[in-house]
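# Report on the structure
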Amino acid sequence: MYPPPPTPTPSTSTSTLGFLLLPSELLHEILFRLPLPDLHRLRSVSRPLSSLVSSSEFRRLYHLNSSLSSSSWLFLLSRRPPRDSFLLGFHSPSSRWSFRLPLRSLPRFDDPYFLASSGPFFLFASNLRQDLISFHLPSSSLLRLPPSPLGPRGTSSWRRASLKLSADPTSHRFRFLFAEMYNHLPYLFEYRSDTNTWHASEAVPVNPGQPYSPDPLNVYLHLAHISTESLVLCTGPGTNGPVLLRPRFTENPFGSDRLHVYGDGNMVIVKSAPIEEGSRVRTRMRVLIGIELWGISSDGTEWVLTSKVSTEMIEEVKKPYGVMMGCMAEREGVVRVVLMSNCKGAWDLVWLSYNRAKGVWRWVPVPDCGTKGLNMAGIALSSTFSRLWPSPAGEEFK
């Protein structure tokens, strides 16, 4: 799964021994900064180091540190015609692309499009077969999901803001949810891997007397936006079955100069302007001029402005682009937004995070991973991948 570690030598063993003699607080501080694939490789350097990072106490502390530091990953699927596809992973705390999975090594993988990631699971859509495929990283196993109640669906039918993958990192189980209008009615479709079945349920509009309360465990799936009103399906502990929220704007937020990105009950409005070259305006090339974060009000009836990215930060991250797309996710009070743009065949990634408790935006620089000239076939954020851990026997990450 990962490149093999170097063969230990006497000098390597001596260096490892000296490293292990560091104070435990310093040793943990160094190891906690490593992404999971690097820890796997580190276990092969020496037996004492393997025993340390494989111990249940270290795994517990690593999980805890990942939660407190809001450690997260960015995954994207890149294609090099005609058939080469790679799933790449960027680890925010280490600021490195630390994960690379060649999909051509997986059997029965045809024309994949990357949809979502959660824990040890990655979900893909096949445009050729028009079905869904899950990949379980520890066991390197593929599962072709049965057709949904809506039948076969091509990759263009899947909208990132209307789907959610939720996995239990300690088991082989996951849930996949997506929202869709069916016969002009809002429906929630849910697949459970433990039963290998789909379930469909109609979302009920929220009325003033109907119980609804915001909850961190609620799942929000964006259905549509019509004029000043959005249609958002919500399900979870704060609801009694799926409900339909209709948050509104005071004015129409759409325009040719704006991109909307939805996720986890939030919306980012990306404002841009055409690039001017003297007296000539290049209408196909644009540049960022503002980013706003909006959230749904506590009663589910309005979009409320949460925060704006400062002008100084916009100046740091803005670059000319021709096309742009994005994804966003929230976990434990931190909203993460990734904007992926293309300019003359070169891809650029902007990662911003907003801490609700501190009211602070942060820019995470993402280095180039050699994507110039490649096709991008999906992007997703994950805050649970760092909590995945191989068993003490170390058989999962081969």
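Residues numbered from 1 in each chain as written. Predicted model: local features only at pLDDT ≥ 70, side-chain atom pairs only at ≥ 80, totals over all residues. Heavy atoms only, no water.

Going by the annotation in an unreviewed UniProt entry, the name recorded for the protein chain is GRAS family transcription factor family protein, with Rhynchospora pubera given as the source organism.

### Describing the overall build of the protein chain
Here is the rule we go by: In this text, helices come from DSSP runs of H or I with a minimum length of four residues, and strands from runs of E with a minimum of two, each type numbered from the N-terminal end. Only protein chains enter the area calculation, which uses a 1.4 Å probe; residues under 20% of their type maximum are buried, those over 50% are exposed, and those in between are partly exposed. Areas reported as accessible are Shrake-Rupley estimates using a 1.4 Å probe. Residue values count occlusion only from the protein chains shown.
Assigned secondary structure in the protein chain consists of six helices and 24 strands. Put simply, the protein chain has 398 residues, and 51% of those count as buried. Of the roughly 19100 Å² of accessible surface on the protein chain, 54% is carried by carbon and sulfur atoms.

### Remarks on the pairing of strand β23 (residues 360–364)
As a reminder of what qualifies: By this definition, two strands are paired if DSSP reports at least two bridges between them.
Sheet analysis places strand β22 (residues 346–355) next to β23, joined by five bridges and oriented antiparallel. Residue pairing in the sheet places L352 in a bridge with W363 of β23. Between the antiparallel neighbours β22 and β23 lie four residues, among them G359 with a positive phi of about 65°.

### Description of the pattern of salt bridges
Note the threshold: Within this document, salt bridges are pairs made up of a side-chain nitrogen of Lys or Arg and a carboxyl oxygen of Asp or Glu, the two lying within 4 Å of each other.
The full count for this structure, using the stated rule, is 14 salt bridges. As a salt-bridge pair, D131 and R144 come within 2.8 Å of each other at their nearest N and O atoms. Placement of D131 in strand β6 (residues 131–136) and of R144 in strand β7 (residues 141–144) is noted, with a sequence separation of 13 residues between them. The exposure class of D131 is buried, given its relative accessible area of 15%. Judged by relative accessible area, which is 23%, R144 ranks as partly exposed. The partner of R248 in a salt bridge is E229, and the shortest N-O contact between them spans 3.2 Å. In this pair, R248 sits in the loop between β15 (243–245) and β16 (258–263) while E229 sits in strand β14 (residues 229–235), placing the two residues 19 residues apart along the sequence. With a relative accessible area of 41%, R248 lands in the partly exposed category. Look at E229 and you get buried, because its relative accessible area is 18%.

### Re helix α2 (residues 24–32)
Our working definition: To obtain the arc, one takes the directions from the helix axis to the C-beta atoms.
Every buried residue of α2 is accounted for by L27, L31 and F32. Buried residues along α2 cover an arc of 125° about the axis, so they all sit on one side.

### Description of the packing of aromatic side chains
Rules: Under the pairing criterion, centres of Phe, Tyr and Trp rings, with the six-membered ring standing for Trp, must be within 6.5 Å; the plane angle then separates stacked pairs below 30 degrees from edge-to-face pairs above 60, leaving the rest tilted. By the criterion adopted, a ring carries a charge over it if an Arg CZ or a Lys NZ lies within 6 Å of its centre and within 35 degrees of its normal.
Applying the stated criterion across every chain, the model contains 22 aromatic pairs. With a centroid separation of 4.9 Å and an interplanar angle of 80°, the aromatic rings of W158 and F178 are classed as edge-to-face. Here W158, found in the loop between β7 and β8 (163–167), pairs with F178, found in strand β9 (residues 174–182); they are 20 residues apart in sequence, far enough to count as distant. By relative accessible area, F178 is classed as buried at 1%. Aromatic ring contacts, followed pair by pair, group F121, W158, F174, F176, F178, Y182, Y187, F189, Y191 and W198 into a single cluster. Geometry around W158 places R153 over its ring, the cationic atom sitting 4.4 Å from the centre.

### Looking at the sheet that holds β15
Across the sheet, four strands lie side by side as β12-β15-β14-β13; this open sheet has mixed pairing. Strands with a single pairing partner mark the edges of an open sheet, and in this sheet they are β12 (204–205) and β13 (219–226). Sheet topology note: the β14/β15 ladder contains three bridges and is antiparallel. The residue of β15 that forms the bridge with C234 is V243.

### Section: helix α4 (residues 47–54)
Residues separated by three or four positions in an α-helix point in the same direction, a consequence of the helix having 3.6 residues per turn. Among the residues of α4, L49, V53 and S54 are the ones counted as buried. In a view along the axis of α4, the buried residues occupy a sector of 120°, so they form one face of it. Turned more than 90 degrees from where α4 packs its buried face, R47 and S51 sit exposed.

### Section: unusual backbone geometry
Even without a glycine there, the phi angle at E332 is positive, about 55°. Among the structural elements, E332 can be located in the loop between β20 (323–331) and β21 (334–343). With a phi angle near 55°, K344 is a residue other than glycine that sits in the positive phi range. Tracing the sequence through the fold places K344 in the loop between β21 and β22. For K344, a relative accessible area of 67% translates into the label exposed.

### Remarks on the sheet that holds β6
Spelled out, the test is: Think of each axis as a best-fit line through the C-alpha atoms, taken over the contacting stretch in the case of a helix, with angles from 0 to 180 degrees between the N-to-C directions.
Taking strand neighbours across the sheet as the criterion, the four strands line up as β4-β5-β6-β7 in an open arrangement whose pairing is antiparallel. Each edge of the sheet is formed by a strand with only one pairing partner; in this case those strands are β4 (112–118) and β7. Adjacent strand axes in the sheet meet at a mean angle of 25°, parallel and antiparallel pairs treated alike. Bridging between β6 and β7 involves four bridges; their strand directions are antiparallel. Across the sheet, residue I133 finds its bridge partner in β7, namely R144.

### Concerning the nonpolar core
Put simply, the rule is: Only buried residues count toward a nonpolar core. Its members are Ala, Val, Leu, Ile, Met, Phe, Trp, Tyr and Cys residues joined through side-chain atoms within 4.5 Å. Whether two residues touch is decided by their heavy atoms; if any such pair falls within 4.5 Å, the residues are in contact.
Judged by nonpolar contacts, the single largest core of 20 residues is most densely connected at V268, I291, L339 and L352. When contributions to this core are tallied by element, the ones reaching two or more residues are β17 (266–277), β18 (280–296), α6 (311–317), β20, β21 and β22. Among all residues touching L352, those that are not within four sequence positions of it are I291, V309, M313, V317, V335, R336, V337, W361, R362 and W363.

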